Amino acid sequence: MPTEPKLNEKNWEAKIEKELFQIWMREDLYKFNPNSPKKILSIDTPPPYVSGDWHPGSVAGYSLIDMIARSARMSGLSVYFPMGLDRNGIVIERTVEKKHNKSMHDFTRDEFLGLCAQLINEYGESILDTAKLIGLSCDFQNVYKTDSEDYRTMTQATFIDLWKKGLVYEDFRPSNFCPHCRTVIADAEIEYEELETRLYYINFKVKETLENILIATTRPELLCACQAVLIHPDDERYRHLHGKNMIVPHYNRTVPIIDHAYAKPEFGTGVVMICSFGDQGDIALFRELNLEPILAIDMEAKMTDKAGKYVGLPVEEARVQLIEDLKKDGLVVKEEKIMHRTPLCERCKAPVEFIMVKEYYLKQLEFLNDIRKKTDEIKFFPQKNKQILVNWIDSIKIDWPISRRRYYATEIPIWTCNKCGEKLVPKGGRYYRPWREPAPFFKCTKCGGKEFTGETRVFDTWMDSSISNLYITKYKKDLPFFRKTFPNMIRPQGREIVRTWLYYTILKSHLLLKKKAWKYAFIHGLGMDEEGKKMSKSLGNYIDIRPLLDEVGADAFRFWAASETGLGDDFRMSKERIVGASKFLTKLWNTARFISMFEDKPEPQQLIETDRWVLSELGKLIKVCEDGYGEYNFFIPANAIRDFIWNVFAPHYVEMVKTRAYEGGESASYTLHTVLKSVLKLLAPICPFMTDKIYRELYRSSVHLEEFPKTRKEWEKKLTKVTPDLVEFNSKIWKEKKEKNLPLNSEYTANIPKKLMLFERDLRAMHKLK
Ligand SMILES: [Zn+2]
Ligand SMILES: [Zn+2]
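Trainee: Explain helix H15 (residues 554-564) residue by residue, including any values.
Mentor: Think of an α-helix as turning once every 3.6 residues; residues three or four places apart then point the same way. Most of H15 sits inside the fold, with 10 of its 11 residues counted as buried. Taken together, the buried positions of H15 are occupied by Ala554, Asp555, Ala556, Phe557, Arg558, Phe559, Trp560, Ala561, Ala562 and Ser563.

Below you can see the structure in the form of structure tokens.
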């Protein structure tokens, strides 16, 4: 006999999620046991970068990562799911500089580091709060921080290993330099954009013939660093100039005219000046033609004394003034606006300069083939996103510059002997700060000198991030733990950091261990707006994640993230669609509430046909979900479950079985609960809150301690074949009653098709067929 619904709440409310999360924490529900006999899956969780705001696309990405963890647990694995916060890097430095309206160089280093640490603590808490709101089942009790002494010790220790293997060297060479961040950056940190700029046509003079030759350039301020002029060997217009020399205007220096295919006859006037350094092309040509670079721009992005009267001016200003002067001398013949593919700093979007700097490099060029092989040993989800990495590896042309002239980062553990210049590294195992502590050596191993100077530079932040897989598995600290957790690991991450985080981790694991970094890599897409455009506050298409979660709840957000986006594709974020996802949850809640009126009965000897039919549909659903979860493709189970509840179970089965259920039928009650229990388990990785709430209320334990349901051989596959006929028949009757303005529970006359006669009793009861 039916009773009051055991689910008290008429409607699902987001506040139930917060109560449940507290219960999970109290029960320590997701605790990882490294000694469990189950196979271990470790997750190399991306530590979110700590800044004021967490991008909604990123939060969607973490929802998927949590689905990996939950579905793996329910597939019988023991899941190691650590959590960290990435707290190194330039963004926090810039925020402090902005807040105090002062450059970091105007503080003492200690003072500045203190301010960064303070700000980062405030931001970190807010990210973790959001992570809890969306129900991450990670380890919140041991959140690691990439700026902790422990983490930095590991960064330094692994660097010292690389140094001892001879894989690090220092070199003075042209490097990408962001004048805004005031640091060298790697190729991986550059992005290109078509920007409007001015192309100036300037008159040069041929030394031997004194004729004027026009040269078009976007970088006139680099005239002082011009070391050659190129013409294309086949360009008839300039054939007579072969072997002659050119006089650089304003500076009156003589440079050779060289035939070279780099000069494109169709660009500008076909004659091109080569300066140190306008772009990557210049760098390559200086190397190829063995030209001596002239250092025209310094590390503050100001002109050096090589620029003559423009010394000390920022690059842009020097350009304006020089053009003014050239115009006075009648040397600028014309100027035009053009779109120019401009290299920009990925972080601050400032145009990148190319200047000569002395930096440390980690060797990678000679290992690219090994890296390709390691990449092939990793299984990618989805396979198509592997290509981004492959293309990147193919494009690498220089070793990795790993030193930076910043403060809030891991120090490079090197001291230089004052007497002979030898560079010494200490033993790994503790955190070194060479700029503020004495050298941990008695004497120089080379000359016996006793005075040392500590390195003031720090590491590129990817030097820290690229050992996350080793850090979380306690490499070099706890060998038994490392042996258990390292071999079966997955790296989930966003597509935008394939060139950096993904690549550098593969590189480091190879250089340090000769091993692949993980067994699997899961690359999800980015959060875009509905039209697929980048979201930004200034464009007004940005969605603030916290108010959204307060409104719709985590389960709806997570269900949207899983059901709207194919594996590896971008999230098209629309508030309307996210709110729409909660409709399915309402349907599920109402269905479960109905079922909760009936007792969960043991399996009877004989099942009624309608019950056998829905169990066959359930078997099909379980199989589809199993395959989807097996590929970490949450789109598949999310849509299959919704389709089952929405289009089969609730409208057809539940309606057909109601009469029997109210009469206390065992077969009906058993089947209703079997289907509900199975659906809750299948959906638990995607919607962990509602499924757990229902499961706890009705079945007195947490759904998150269960494994996925399995299909049973008694569930006859062939019964699923009648589903379309059944759906069609029911829909037909409903439609006819509606057309005749009859209430749905009115008596009616209709013939049951032969194929459906096995459901005769339930169909007659459902439609009140006479
Ligand atoms: Zn920058
Ligand atoms: Zn020495």
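Trainee: An account of unusual backbone geometry is requested, with residue identities and associated values reported.
Mentor: Put simply, Ser276 and Phe277 share a cis peptide bond, and its omega is -15°. Between Phe381 and the following residue, Pro382, the backbone shows a cis peptide bond with an omega angle of -10°. Secondary-structure assignment places Pro382 in the loop between strand E15 (379-381) and helix H9 (386-395). Here the phi dihedral of His250 falls at roughly 70°; this positive angle occurs in a residue that is not glycine. Taking the relative accessible area as the measure of exposure, His250 reaches 30% and is therefore partly exposed. Even without a glycine there, the phi angle at Lys514 is positive, about 55°. Summarising the element assignment, Lys514 is placed in the loop between helix H13 (498-513) and strand E23 (520-524). Among the residues examined, Lys514 registers a relative accessible area of 55% and is labelled exposed.

Trainee: Which residues make up the packing of aromatic side chains, and what are the values?
Mentor: Here the structure, examined in full by the defined rule, presents 42 aromatic pairs. Between Phe381 and Tyr520 the ring centres are 5.9 Å apart and the planes differ by 40°, which places this aromatic pair in the tilted class. Placement of Phe381 in strand E15 and of Tyr520 in strand E23 is noted, with a sequence separation of 139 residues between them. Ring centres 5.7 Å apart and planes at 35° place the aromatic pair Phe557 and Trp560 in the tilted group. Taken together, the positions of Phe557 and Trp560, both in helix H15 and 3 residues apart, correspond to about one turn of that helix. Given a relative accessible area of 0%, Trp560 falls into the buried group. Here the aromatic residues Phe381, Tyr520, Phe522, Tyr629, Tyr632, Phe634 and Phe708 are joined through ring pairs into a cluster of three or more. One Lys or Arg, Arg341, reaches over the ring of Tyr192 and ends 4.0 Å from the middle of that ring. In this structure, Lys658 is placed above the aromatic ring of Phe594, and the distance from its NZ or CZ to the ring centre is 5.3 Å.

Trainee: I'd like a rundown of the coordination of the zinc ion (ligand 1), residues and numbers included.
Mentor: At the metal site, the zinc ion (ligand 1) is ligated by Cys178 (SG), Cys181 (SG), Cys345 (SG) and Cys348 (SG), and these contacts range over 2.2 to 2.4 Å. Around the zinc ion (ligand 1), the 4 donor atoms sit at angles spanning 101 to 116°, and that spread fits a shape best called tetrahedral. One chain supplies every donor to the zinc ion (ligand 1), and in sequence these donors are spaced C-x2-C-x163-C-x2-C. Here Cys178 and Cys181 have matching classes, each one buried.

Trainee: Hey, could you go over the sheet that holds strand E19 (residues 423-424) for me, with residue numbers and the actual values?
Mentor: Pairing between the strands of a sheet is mediated by backbone hydrogen bonds and can be parallel or antiparallel. If you walk across this open sheet you meet the 3 strands as E19-E18-E20, and the pairing is antiparallel. Looking at the sheet topology across the chains shown, the edges are occupied by E19 and strand E20 (452-454). Pairing analysis gives 3 bridges linking strand E18 (residues 415-417) to E20, with the strands arranged antiparallel. If you follow Thr416 over to E20, its bridge partner there is Thr453.

Trainee: Can you tell me about the pairing of E23, naming the residues and giving the values?
Mentor: Of all the 5 residues making up E23, 5 are buried; the element is thus mostly covered by neighbouring parts of the structure. Covered by surrounding structure in E23 are Tyr520, Phe522 and His524 together with Ala521 and Ile523, the residues of both alternating faces. You can see the chain leave strand E22 (residues 489-494), run along H13 and come back into E23, and the turn it takes is right-handed.

Trainee: Break down the nonpolar core for me, citing the residues and quoting the values.
Mentor: Counting residues in each nonpolar core, the largest one holds 135 residues, and the members touching the most others are Phe557 and Phe649. At 12 residues, the largest contribution of residues to this core is made by helix H18 (residues 635-662). Of all hydrophobic cores here, the second largest spans 55 residues; its members include Ala188, Phe481, Met489 and Ala521.

Trainee: Residues and numbers for the coordination of the zinc ion (ligand 2), please.
Mentor: Around a metal, the idealised angle for a tetrahedral arrangement of four donor atoms is 109.5 degrees; for an octahedral arrangement of six donor atoms it is 90 or 180 degrees. The protein atoms donating to the zinc ion (ligand 2) are Cys417 (SG), Cys420 (SG), Cys444 (SG) and Cys447 (SG), with metal-donor distances spanning 2.2 to 2.3 Å. Classification of the site at the zinc ion (ligand 2) rests on its 4 donor atoms, whose angles at the metal span 103 to 114°, yielding the label tetrahedral.

Trainee: Explain the packing of helix H19 (residues 666-683) against helix H20 (residues 688-699) residue by residue, including any values.
Mentor: Contact geometry for H19 and H20: axes closest at 9 Å, N-to-C directions at 145°. In this structure, H19 meets H20 at a crossing whose hand is left-handed. Residue-level contacts link His673, Leu676, Lys677, Leu680, Lys681 and Leu683 of H19 to Thr691, Ile694, Tyr695, Leu698 and Tyr699 of H20. Its residues placed into classes, the contact of H19 with H20 shows 7 nonpolar, 2 polar and 2 charged.

Definitions and cut-offs
- Counting starts from 1 at the beginning of each chain's written sequence and moves along it residue by residue.
- Following the order in which they are written, the chains are lettered starting with A and the ligands numbered starting with 1.
- Confidence filtering applies because this is a predicted model: local features only for residues at pLDDT of at least 70, side-chain atom pairs given and counted only at 80 or more, and all residues used for totals across whole chains, interfaces and linings.
- Values shown for side chains rest on all heavy atoms present in the structure; no hydrogens or waters enter the calculation.
- For every residue, the accessible area obtained with a 1.4 Å probe (protein chains only) is divided by the maximum for its type, and the residue is called buried under 20%, exposed over 50%, and partly exposed between those limits.
- We count a stretch as a helix when DSSP gives it H or I for four or more residues in a row; a strand needs E for two or more, and each element gets its number in order from the N terminus.
- In this scheme Phe, Tyr and Trp rings, the latter by its six-membered ring, pair at centre separations within 6.5 Å, and the angle between planes marks the pair as stacked below 30 degrees, edge-to-face above 60, and tilted otherwise.
- Only Lys NZ and Arg CZ are tested; either one counts as a charge over a ring when it is within 6 Å of the ring centre and within 35 degrees of the ring normal.
- The rule for donors is simple: N, O or S, within 2.8 Å of the metal, or within 3.2 Å if the metal is Na, K or Ca. Water isn't counted, so a site may look like it is missing partners.
- A site with four donors is called tetrahedral when every donor-metal-donor angle falls between 85 and 135 degrees; four donors are called square planar, and six octahedral, when opposite donors sit more than 155 degrees apart and all other angles fall between 65 and 115; any other arrangement is irregular.
- Strand pairing is assigned whenever DSSP identifies at least 2 bridges connecting the two strands.
- Here a crossover is taken to be right-handed if, once the strands point away from the viewer, the path from the first strand over the helix to the second is traced clockwise.
- Put simply, buried Ala, Val, Leu, Ile, Met, Phe, Trp, Tyr and Cys residues joined by side-chain atoms within 4.5 Å make one nonpolar core.
- Comment: axis = line fitted to C-alpha atoms, over the contacting stretch for helices; angle = value between 0 and 180 degrees taken between N-to-C directions.
- Left-handed describes a crossing in which the near helix is turned anticlockwise from the far one by less than a right angle; the clockwise case is right-handed.
- Throughout, a contact is declared for two residues whenever any of their heavy atoms are within 4.5 Å.
- Three classes are used: nonpolar for Ala, Val, Leu, Ile, Met, Phe, Trp, Tyr, Cys and Pro, charged for Asp, Glu, Lys and Arg, and polar for all others, with Gly counted as polar.

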